[in-house]
Amino acid sequence: MAFRCQRDSYAREFATTVVSCRPAELQTEGSNGKKEVLSGFQVVLEDTLLFPEGGGQPDDHGTIDGVPVLRVTRRGAQADHFTQTPLTPGREVQVRVDWERRFDHMQQHSGQHLITAVADHLFGLKTTSWELGRLRSVIELDSPSVTTEQVAAIEQSVNEKIRDRLPVNVRELSLDDPEVEQVRGRGLPDDHAGPIRVVTIKSVDSNMCCGTHVSNLSDLQVIKILGTEKGKKNKTNLIFLAGNRVLKWMERSHGTEKALTSLLKCGAEDHVEAVKKLQNSTKLLQKNNLNLLRDLAVHVAHSLRNSPDWGGVVALHRKEGDSEFMNIIANEIGSEETLLFLTVGDEKGAGLFLLAGPAEAVETLGPRLGLDCKCRVAALPPPPEILEL
């Protein structure tokens with residue numbers, strides 16, 4: 001039997017009974033990106049409104065009597081709900097689903113079914129897998145390439161079907177039903193039990209699926225295909241957004257457009273040309289700056305050589321510069337008697353330093369500065385008390 005979330009994807013609240021509650025652990029990713037292990041409880045309900053992850057669709061978020069459910073997974077014919085608060089077996093509880101997340105998943109999953117069917121019908125492009133991501137969804141197509149014209153045709157066709165308000169129906173078929181052979185699918189899980197769930201878009205597609213779906217394509221609102229990327233060997237990834245994600249994407253894009261209009265002092269239609277001009281100007285300035293920096297390095301080297309304080313140890317620091325700047329100075333000076341210590345970079349941040357001179361002195365002082373004697377330039381904060389030219 002299907003879960004309540006599969007029988008009625010639009011239900012937001014539901015009363016059921018706790019069957020069992022046992023101690024458990026959940027491995028999760030912390031805010032710092034490292035894996036964390038949470039202690040809690042695995043709760044099984046008589047039925048559930050929260051979809052357990054599967055079929056390329058993430059799990060639902062929600063609460064059981066106000067207790068947050070952090071993960072929902074399927075185990076055979078039952079769903080395990082991970083909570084950090086125990087719930088008493090036999091107790092009647094109220095389950096609420098995070099509706100914004102649920103409806104988003106419904107839109108993306110039904111959108112995937114529609115795109116998959118249209119891509120196959122129009123161009124014979126078969127779907128081998130898909131992923132419902134946090135910001136975008138990806139369909140893996142069994143083709144080394146997909147043309148821009150094919151993408152445009154797929155997008156136009158799916159949006160026409162959305163405007164046609166085609167119904168989406170969910171049925172359950174027994175394993176021995178002859179109709180199963182006519183249904184698209186990529187196989188059943190090894191632990192599958194009971195009837196097969198079939199999602200049908202009228203006159204477009206029938207597909208085995210365990211996920212939550214809209215009841216009419218009109219609920220998808222719109223689908224936007226963002227483009228393609230090279231996938232695994234001989235595969236192409238099709239990136240798309242459906243429903244509210246398209247509206248959010250447009251809002252972000254409009255915000256970026258407004259910001260660029262203010263910064264570039266021109267209309268949106270001129271943004272690209274304005275940026276190209278800025279890039280060309282930047283390249284020219286960088287080239288001129290590099291030439292000036294090289295000339296300055298030669299001048300600095302000659303000034304140091306001609307200084308009355310020349311000899312012994314010479315230390316110099318500049319905010320502007322790079323490893324080439326320091327190397328030019330060292331090569332121009334070319335002294336084996338003088339120990340040269342050069343640094344570049346902002347005093348408050350990291351920078352580069354170069355130690356050059358008599359081999360014995362470099363070998364002795366290098367390790368104290370954390371510098372490999374085989375490589376005279378190191379990325380370390382400049383030491384204090386360095387003269388600035």
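- As recorded in an unreviewed UniProt entry, the protein chain goes by Alanyl-tRNA editing protein Aarsd1 and comes from Equus asinus.
- Quoted verbatim from the Cofactor (unreviewed entry) field of UniProt, the annotation for the protein chain is "Zn(2+)".
- In its Subcellular location (unreviewed entry) section, the UniProt record describing the protein chain reads: "Cytoplasm".

Quick word on the sheet that holds strand β4 (residues 67-69)
Then, number 1: Spatial strand order, β4-β3-β7-β1-β2-β6-β5: seven strands in an open sheet with antiparallel pairing. Each of the sheet's edge strands pairs with one partner strand only, and the pair in question is β4 and β5 (71-75). Taking the axes of each pair of neighbouring strands and ignoring which way they run, one obtains an average angle of 35° across the sheet.
Then, number 2: One ladder, built from three bridges, connects strand β3 (residues 62-64) with β4; its direction is antiparallel. By the bridge assignment, T63 is partnered in β4 with P68.

A closer look at the pattern of salt bridges
A side chain with one charge can pair with a side chain of the opposite charge if their charged atoms come near.
Then, number 1: This model, assessed by the stated rule, comprises 16 salt bridges.
Then, number 2: D8 is the partner of R4 in a salt bridge, and the nearest nitrogen-oxygen pair spans 3.9 Å.
Then, number 3: Note on D8: relative accessible area 29%, which makes it partly exposed.
Then, number 4: Notably, a salt bridge pairs E229 with R136, separated by 3.3 Å at the nearest N-O pair. On the criterion of sequence distance, the pair formed by E229 in strand β13 (residues 223-230) and R136 in the loop between β8 (127-132) and β9 (137-141) is long-range, its members being 93 residues apart.
Then, number 5: By relative accessible area, E229 is classed as partly exposed at 35%.
Then, number 6: Given a relative accessible area of 36%, R136 falls into the partly exposed group.
Then, number 7: One salt-bridge network, in which partners are shared between bridges, spans D59, R71 and R101.

Considering the nonpolar core
Then, number 1: Ranked by internal contacts, the top residues of the largest apolar core, which has 30 residues, are L114, I115, I154, L217 and I223.
Then, number 2: Listed by contribution, the elements that provide at least two residues to this core are α2 (99-123), β8, β9, α3 (148-163), β11 (196-201), β13 and β14 (236-242).
Then, number 3: In terms of residue count, the dominant contributor to this core is α2 (seven residues).
Then, number 4: Dropping the residues within four chain positions of it, I154 is found in contact with I115, V118, A119, L122, F123, L125 and I225.
Then, number 5: Counting 19 residues, the second largest nonpolar core, distinct from the first, contains I64, A79, L87 and V95.

Re α2
Then, number 1: With 25 residues, α2 should reach 36 Å at 1.5 Å per residue; the first-to-last C-alpha distance of 36 Å fits that figure.
Then, number 2: If you check the start of α2, you find a side-chain oxygen 3.4 Å away from the backbone N of E100, and it comes from D98.
Then, number 3: The first or second residue beyond α2 is G124, which carries a positive phi of 70°.

Focus on unusual backbone geometry
Then, number 1: Of note in this structure, N234 is not a glycine but carries a positive phi near 60°.
Then, number 2: Given the relative accessible area of 46%, N234 is considered partly exposed.
Then, number 3: Even without a glycine there, the phi angle at K265 is positive, about 60°.
Then, number 4: Within the secondary structure layout, K265 lies in the loop between α4 (244-264) and α5 (271-306).
Then, number 5: For K265, a relative accessible area of 70% puts it in the exposed group.

Structural notes on the confidence of the model for the protein chain
Then, number 1: Across the protein chain, pLDDT averages 87, with 90% of residues at or above 70.
Then, number 2: Under a pLDDT of 50 for its full length, residues 372-389 has, in the predicted model, 55 contacts with residues more than four places off or in other chains.

Side note on the packing of aromatic side chains
Then, number 1: Tallied over the full model, the rule gives three aromatic pairs.
Then, number 2: Ring geometry for W99 and F103: centres 5.5 Å apart, planes at 25°, overall stacked. Linking W99 with F103, this pair stays in helix α2, spanning four residues, or about one helical turn. No difference in accessibility class separates W99 from F103, as the two residues are buried.
Then, number 3: Ring geometry for F341 against F353: centres 5.6 Å apart, planes inclined by 55°, an arrangement best described as tilted. In this pair, F341 is assigned in strand β16 (residues 339-344) and F353 in strand β17 (residues 351-356), connecting sequence segments 12 residues apart.
Then, number 4: Counting every residue linked through ring pairs, the aromatic cluster contains Y10, W99 and F103.

Definitions and cut-offs
Residues numbered from 1 in each chain as written. Predicted model: local features only at pLDDT ≥ 70, side-chain atom pairs only at ≥ 80, totals over all residues. Heavy atoms only, no water. UniProt positions renumbered as here; feature names shortened; annotations may be inferred. Pairing = 2+ DSSP bridges. Helix = DSSP H or I, 4+ residues; strand = E, 2+ residues; numbered from the N terminus. Axes fitted to C-alpha atoms, helices over the stretch in contact; angles between N-to-C directions. Salt bridge = Lys/Arg side-chain N within 4 Å of Asp/Glu carboxyl O. Buried < 20%, exposed > 50% of the residue type's maximum accessible area, 1.4 Å probe, protein only. Core = buried A, V, L, I, M, F, W, Y, C linked by side-chain atoms within 4.5 Å. Contact = heavy atoms within 4.5 Å. Expected span 1.5 Å × (residues − 1). Polar contact = N/O pair within 3.5 Å; in protein donor to acceptor, adjacent residues only side chain to side chain. pLDDT = per-residue confidence, 0-100. Phe/Tyr/Trp six-rings, centres within 6.5 Å; stacked < 30°, edge-to-face > 60°.

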